[in-house]
2 protein chains.
Amino acid sequence: MTKDLRGLADLDRAIHEPARLLIVTILSTVESADFLFLQREAGLTKGNLSAHLTKLEEAGYVEIKKTFKGKLPLTVCKLTKSGSKAFAQYRQQMVKFMSTTG
Amino acid sequence: MTKDLRGLADLDRAIHEPARLLIVTILSTVESADFLFLQREAGLTKGNLSAHLTKLEEAGYVEIKKTFKGKLPLTVCKLTKSGSKAFAQYRQQMVKFMSTTG
DNA sequence: TAAACTGGTTTGTAATACAAACTAGTTTGC
DNA sequence: GCAAACTAGTTTGTATTACAAACCAGTTTA
């Protein structure tokens, strides 16, 4: 397994951005997560989180379901199959390029 | 070694950007590199490379020496001590967060 | 019934990545 | 000898972005 460093230029930008990387990493550890949980966990402002979730949704990586908990809105997010795959590949690339052995 | 995922938000953005991550990774494999070598190796346009090198220099991560090879300009770049350290830490973080074990 | 709160989205703005256009000097062709 | 083409970069213009402040629709509290 050789490192063609140029592969670094092809990193998936939808995932690579730190805030989204954090969101996706969190989502990869749970079955699903609601908006406020993600906000607390990631430490993002609502506006910022909302924007990043929209990007991830547009990329097809996160599925967003709007429902209600009692009378209040509830936004539930989960990684799609495609999102899981993309994240797995991103991790593989990163570990490959960043590990010292090689 | 526990993963506090929030650490992902603190990734060094001077390094994290893909083009710069590529540049820094290349520089970490050589003692020094001139502008055109970096351009070929990284596959960046001159303008883009120039801008990224300036950023890395401003961050104190790359030292840029302008000299001449014969009569033509020669720009030689190398990682500073601080740059090497920052890159090592970046890699550590990334491997820590992206490895599946844990 | 108005004020404050909840769970978000939209909007404005500053920073960024990028390539095209430019610059300063050099070599080549005629 | 001088214009045209080339070298090695830098600066400038633009489109995209990340981000938080302002906003919004509905709900609870006073």
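Residues numbered from 1 in each chain as written. Chains lettered and ligands numbered in written order. Predicted model: local features only at pLDDT ≥ 70, side-chain atom pairs only at ≥ 80, totals over all residues. Heavy atoms only, no water.

Caption draft 1: Just the pattern of salt bridges, in detail. If you walk through the whole model with that rule in mind, you get six salt bridges over all chains. Across the pair E31 of chain A and K78 of chain A runs a salt bridge whose closest N-O atoms are separated by 2.9 Å. In this pair, E31 of chain A sits in the loop between α2 (18-27) and β1 (33-34) while K78 of chain A sits in strand β3 (residues 72-79), placing the two residues 47 residues apart along the sequence. For E63 of chain B, the salt bridge is made with K65 of chain B, and the minimal N-O distance between the two is 3.7 Å. Here E63 of chain B falls in the partly exposed class, since its relative accessible area comes to 36%. (Salt bridge = Lys/Arg side-chain N within 4 Å of Asp/Glu carboxyl O. Helix = DSSP H or I, 4+ residues; strand = E, 2+ residues; numbered from the N terminus. Buried < 20%, exposed > 50% of the residue type's maximum accessible area, 1.4 Å probe, protein only.)

Caption draft 2: Highlighting the nonpolar core. Ranked by size, the top nonpolar core spans 60 residues in total, and within it L21, M94 and M98 of chain A together with L21, M94 and M98 of chain B carry the most contacts. Apart from residues no more than four positions distant in its own chain, M94 of chain B is found in contact with L21, Y90, M94 and M98 of chain A together with L11, H16 and S99 of chain B. (Core = buried A, V, L, I, M, F, W, Y, C linked by side-chain atoms within 4.5 Å. Contact = heavy atoms within 4.5 Å.)

Caption draft 3: Region of interest: the sheet that holds strand β2 (residues 62-69) of chain B. All names here are of chain B. The strand order across the open sheet formed by three strands is β1-β3-β2, and the pairing between neighbours is antiparallel. The sheet terminates laterally at β1 (33-34) and β2, the two strands that pair on one side only. In terms of strand pairing, β2 meets strand β3 (residues 72-79) through eight bridges, oriented antiparallel. Within β3, the residue paired with V62 across the bridge is L79. (Pairing = 2+ DSSP bridges.)

Caption draft 4: Broad picture of the relation of the copies chain A and chain B. Of the two same-sequence chains, chain A is brought onto chain B (RMSD 0.0 Å, axial shift 0.0 Å) by a rotation of 180 degrees. Taken together, the rotation and translation describe the operation of a two-fold axis. Within chain A, V95 of chain A has its C-alpha nearest the rotation axis, a separation of 2.7 Å. Most of the interface of chain A is mirrored in chain B, where 100% of its interface residues are also at the interface. (Least-squares fit on C-alpha atoms with pLDDT ≥ 70 in both.)

Caption draft 5: Structural context of the packing of helix α2 (residues 18-27) of chain B against helix α4 (residues 46-58) of chain B. Residues and elements named next belong to chain B. Orientation of α2 relative to α4, taken along the N-to-C sense of each, is 75 degrees, at an axis distance of 10 Å. In terms of axis orientation, α2 runs roughly perpendicular to α4. For the pair formed by α2 and α4, the contact residues are A19, R20, I23 and V24 on the first element and L49, H52, L53, K55 and L56 on the second. Class assignment of the residues belonging to the contact of α2 with α4 gives a composition of six nonpolar, one polar and two charged. (Axes fitted to C-alpha atoms, helices over the stretch in contact; angles between N-to-C directions. Parallel < 35°, antiparallel > 145°, perpendicular 65-115°, else oblique. Nonpolar A, V, L, I, M, F, W, Y, C, P; charged D, E, K, R; others polar.)

Caption draft 6: Region of the structure containing the protein's contact with DNA strand D. Inspection of the region around DNA strand D gives 21 residues, with E17 of chain A together with K46, S50, K66 and T75 of chain B positioned closest. Each atom of DNA strand D within 4 Å of the protein was classed as base or backbone; sugar and phosphate made up 77%. In the environment of DNA strand D, a phosphate oxygen lies 3.0 Å from a nitrogen or oxygen atom belonging to the side chain of R20 of chain A. In this structure, a sugar or linking oxygen belonging to DNA strand D sits 3.4 Å away from a main-chain N or O atom of P73 of chain B. Those elements that place two or more of their residues in the surface near DNA strand D are α2 and α4 (46-58) of chain A together with α3 (35-42), α4 and β3 of chain B. Of the residues assigned to the surface near DNA strand D, the class counts are seven nonpolar, seven polar and seven charged. (Near = heavy atom within 4 Å. Polar contact = N/O pair within 3.5 Å; in protein donor to acceptor, adjacent residues only side chain to side chain.)

Caption draft 7: Molecular detail of the interface of chain A and chain B. Counting from both sides, the interface comprises 25 residues of chain A and, opposite them, 25 residues of chain B. Across the chain A to chain B interface the summed buried area is about 2,200 Å²; carbon plus sulfur atoms make up 72%. Considering only the surface of chain A that becomes buried against chain B, R6, P18 and M98 of chain A emerge as the three largest contributors, covering 27% of it. For the interface between chain A and chain B, the tally reads two salt bridges. Note that E17 of chain B is salt-bridged to R13 of chain A, the shortest N-O span being 3.4 Å. Tallying contributions element by element places helix α5 (residues 81-98) of chain A first for the side of chain A that touches chain B, with six residues. (Buried area = accessible area lost by both parts, 1.4 Å probe.)

Functional significance is not addressed by these values, which are geometric in nature.
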